[in-house]
Amino acid sequence: MNAASFVLFGATGDLAKRKIYPALYNLFVDGKLSEGFSVVGLGRRAWSDETFQANVEQALYDFSRRKPADRGELARFVRAFRFQVLDIDRAEDYAQLRELVERRERELGLTPNRMFYLSVGPEYFGTIANHIEASGLGGADGWKRLVIEKPFGHDLASARALNAKLGETFAEEEIYRIDHYLGKPMVQKLELLQQSNPVLQALWSNHYIANVQITASETVGVETRAGYYDRAGAIRDMFQNHMLQLLMMLTAQLPKNSTAETVRFKKKKVMEALDPLQQGQVAASVVRGQYAAGAIAGVPVAGYADEPGIPAGSTNDTYVAARLTIDDAFWRGVPFYIRTGKRLQAKSTRIVIEFKPPLKQSGADAAQPPNLLIIDINPNETITLQLNARDTQDKARFRPLHLDLRDDAEETPEAYENLIGDALRGDATFFAHWDEVELSWRWVQPILEAFADGEVPLHPYEAGGHGPAAADALTARDGYRWWQGEDEARAAETERAQAEIPQEHAVQEHTKRAGERQYV
Ligand SMILES: NC(=O)C1=CN([C@@H]2O[C@H](COP(=O)(O)OP(=O)(O)OC[C@H]3O[C@@H](n4cnc5c(N)ncnc54)[C@H](OP(=O)(O)O)[C@@H]3O)[C@@H](O)[C@H]2O)C=CC1
Ligand SMILES: O=C1O[C@H](COP(=O)(O)O)[C@@H](O)[C@H](O)[C@H]1O
C-alpha cells in the first residue's frame, strides 16, 4: 500500500469514531497500512494529541469488530495520530496544517501522498477543497485524493453545483465518493457471483428472471439525526444512493477481470437504460410512507411525528418503494421492485431474484412456487437458492427447499475497512463515479418534485411491520408479491423437514468456505 498522510476533517465527530478509526485499526492489524503511516485529525475542539489518541483508543473498544487485545500493538497504532484545531473557514489554519503534515512526512520519511477525508457536512466540501488548493496542501510531488461522505447534494441541481465546485481543485480520478453499501462484502461479491458461476450467468437475464426485489429494511428510527433526516427522507438518505447502487451492481453486465473503469462504465450504462419516471406518473410507480407508533420486537416505539426534533406536521418520508424497469436487451420486461424504510420489522438488506415458472404448467404444477435466489447482504451474508421438492405426505404439494451458500470462513471486514483500504491503494472500483451520481439524481428528481408537490400520498405505517400496504399494489399489478417473512416460513419448514426425515438420510454438510454447500 502506498505510504500516505491521512488528513481527517471531522475527526471529533460521530462517523470518525464509529467507522473510520475502527477501519484504520483493522487495516493496521491486518498489515494493510504501510509502515510509518500518519493520521492528522482536525476539528474545532481544543484537543491535544493525547486527548485525540485517547478518543481513538476508546472508539476502538466501543466500535471496532476486533477489540484491541495487545497493548503494544495499540500503542504503535495510536502514536501515528496527531490533532490540530482547525476551523474550516480560516485560511491561516490550513497554513498551520500544511506545516504539521509536512513535518510528519519528514519525521516518518513519507512521500507527500495525501488523502483528505471529509467527514463533515457537505456544505463544507467546496470550502475545504479551495483551502487545500490555496494553501498548497495538495502538494506537488505525491498524489492527492479527496474522500467525501454522502449526502452528495440535495437534488440534481445542488449535486451538479457541488461537483463543479470540487472539480475546480480535484480531478474526477482524485475524488472518492463513499457509498458504504459498495463496501459491503456481499455487494463486492456480486460481480464474482455471476462470473464464477456459469449456471447463474446463463440464467441472468429476462429469459429466465421474472422480477427482482431489493429491500433495505431497518428497525431503527430517525435516532438523533432529525435535522438532517427530516430534510432528506428515505428517498435521499437511502434510495438515491444505496438502493440504486445495489441495482447497478446487480444488473451491470461485467466482463471478467473488470477494472474500475469498466465497472463504473457498465453501471453508468444501467442508469442510462433505466426508464425515466414521467412527471404526473410518479404516483403509479412510487409509494411513500411515514412510520406511526408501534412496537419493535415487542418494545413500544414512538411514531416519526413524535420523535425529538421533528417539526410538527412533517410530511417527510421514512419509507419509499418503487417499481423500475431497465430498457436494455438483458432486462427489458423485468420489473425491479425496490423498497427501503425505517422502523420496519427486521434489519435486513436483501435481494430476491424470482425466476419464471416453467413454460408448461398444468394441474398441481400450477401451484408450484417459483424458484428464488436470495442474496442476503446484511446482517447475514448468505446466498440461498430456493428449490422445490414434493411433499412427502402429499405428493400433489410442493415443499420449498433451501440451498444455502454461506461464507463463514472468517470474520469479514466492515464496509469502511474495504473502502478506506481501496482509496489508499487508489482503487476506485467501489466508489461512485460522478456519472452514476448524476444519473441517479436525474432519475430521482421527478420523484423529489412529485413528493414536494404532494402528488404522492404519504401512507402512515405501523412501526414493526412491513411498511404501508399500498406498496403491495406495485407488485400485485404485475401478478407478483413481495417476498417477506420467509425467515419465519423457513424456520418452520426446516423444523418440519428435520422432524420428517430420518437422521441417517439427512444430508448435512456444514460449510467452511464460500462455494461449499449446506443442505438443511
Ligand atoms: N454518522 C454517520 O453514521 C454517518 C455520517 N455521514 C456523513 O458524514 C459526515 C459527518 O457526520 P458525523 O460525524 O455524523 O457528524 P458530527 O456532527 O458528529 O461531526 C461533525 C464533525 O465536523 C466538525 N466540524 C463541524 N463544523 C466545523 C467547522 N466549521 N470547522 C471544523 N470542523 C467542523 C466537527 O468538529 P468540532 O465539533 O470539533 O468542530 C465534527 O468533528 C456528514 O456529512 C454526514 O452526513 C454519512 C454516513 C453515516
Ligand atoms: O447511509 C445510511 O445508512 C444507514 C443504514 O446502513 P446499514 O449499513 O446499517 O444498512 C441508515 O441507517 C442511515 O439512515 C443512512 O444515512
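What counts, and at which threshold
- Residues numbered from 1 in each chain as written.
- Chains lettered and ligands numbered in written order.
- Predicted model: local features only at pLDDT ≥ 70, side-chain atom pairs only at ≥ 80, totals over all residues.
- Heavy atoms only, no water.
- UniProt positions renumbered as here; feature names shortened; annotations may be inferred.
- Near = heavy atom within 4 Å.
- Polar contact = N/O pair within 3.5 Å; in protein donor to acceptor, adjacent residues only side chain to side chain.
- Helix = DSSP H or I, 4+ residues; strand = E, 2+ residues; numbered from the N terminus.
- Salt bridge = Lys/Arg side-chain N within 4 Å of Asp/Glu carboxyl O.
- Axes fitted to C-alpha atoms, helices over the stretch in contact; angles between N-to-C directions.
- Parallel < 35°, antiparallel > 145°, perpendicular 65-115°, else oblique.
- Left-handed = near helix turned anticlockwise from the far one by under 90°.
- Contact = heavy atoms within 4.5 Å.
- Nonpolar A, V, L, I, M, F, W, Y, C, P; charged D, E, K, R; others polar.

The name an unreviewed UniProt entry gives the protein is Glucose-6-phosphate 1-dehydrogenase, with Paenibacillus sabuli as the organism. The annotation that UniProt attaches to the protein under Catalytic activity (unreviewed entry) is "D-glucose 6-phosphate + NADP(+) = 6-phospho-D-glucono-1,5-lactone + NADPH + H(+)".

The immediate surroundings of ligand 1 are formed by 21 residues, with Thr12, Leu15, Arg18, Arg44 and Arg45 found nearest. Contact between ligand 1 and arginine 18: an oxygen atom at 2.6 Å from a side-chain N or O atom of the residue. At three residues, the largest contribution of residues to the shell around ligand 1 is made by helix α1 (residues 14–29).

This part takes up the pattern of salt bridges. A complete count under the given rule lists 30 salt bridges for this structure. Glutamate 57 is paired through a salt bridge with arginine 71; the nearest N and O atoms lie 3.7 Å apart. Of this pair, glutamate 57 sits in helix α2 (residues 49–63) while arginine 71 is found in helix α3 (residues 71–78), placing the two residues 14 residues apart along the sequence. In this structure, arginine 103 engages glutamate 107 in a salt bridge whose closest nitrogen and oxygen atoms are separated by 3.8 Å. On the criterion of helical spacing, the pair formed by arginine 103 and glutamate 107 is a turn pair, its members being four residues apart in helix α4 (residues 91–108). Overlapping salt bridges, with partners in common, bring together Asp30, Arg65, Arg66 and Glu417 in one network.

On to the packing of helix α9 (residues 226–251) against helix α13 (residues 434–452). Geometrically, a packed helix pair is captured by the angle between its two axes and the distance between the axes. Viewed as axis vectors pointing N to C, α9 and α13 meet at an angle of 135°, and their least axial separation amounts to 10 Å. In terms of orientation, α9 and α13 fall into the oblique class. Of the two possible hands of crossing, α9 and α13 adopt the one that is right-handed. Contact with α9, carried on its side by Ile235, Arg236, Phe239, Gln240, Leu244, Gln245 and Met248, involves Glu436, Val437, Ser440, Trp441, Trp443, Val444, Ile447, Leu448 and Phe451 of α13 and no other residues of that element. A per-class count over the contact of α9 with α13 returns eleven nonpolar, three polar and two charged.

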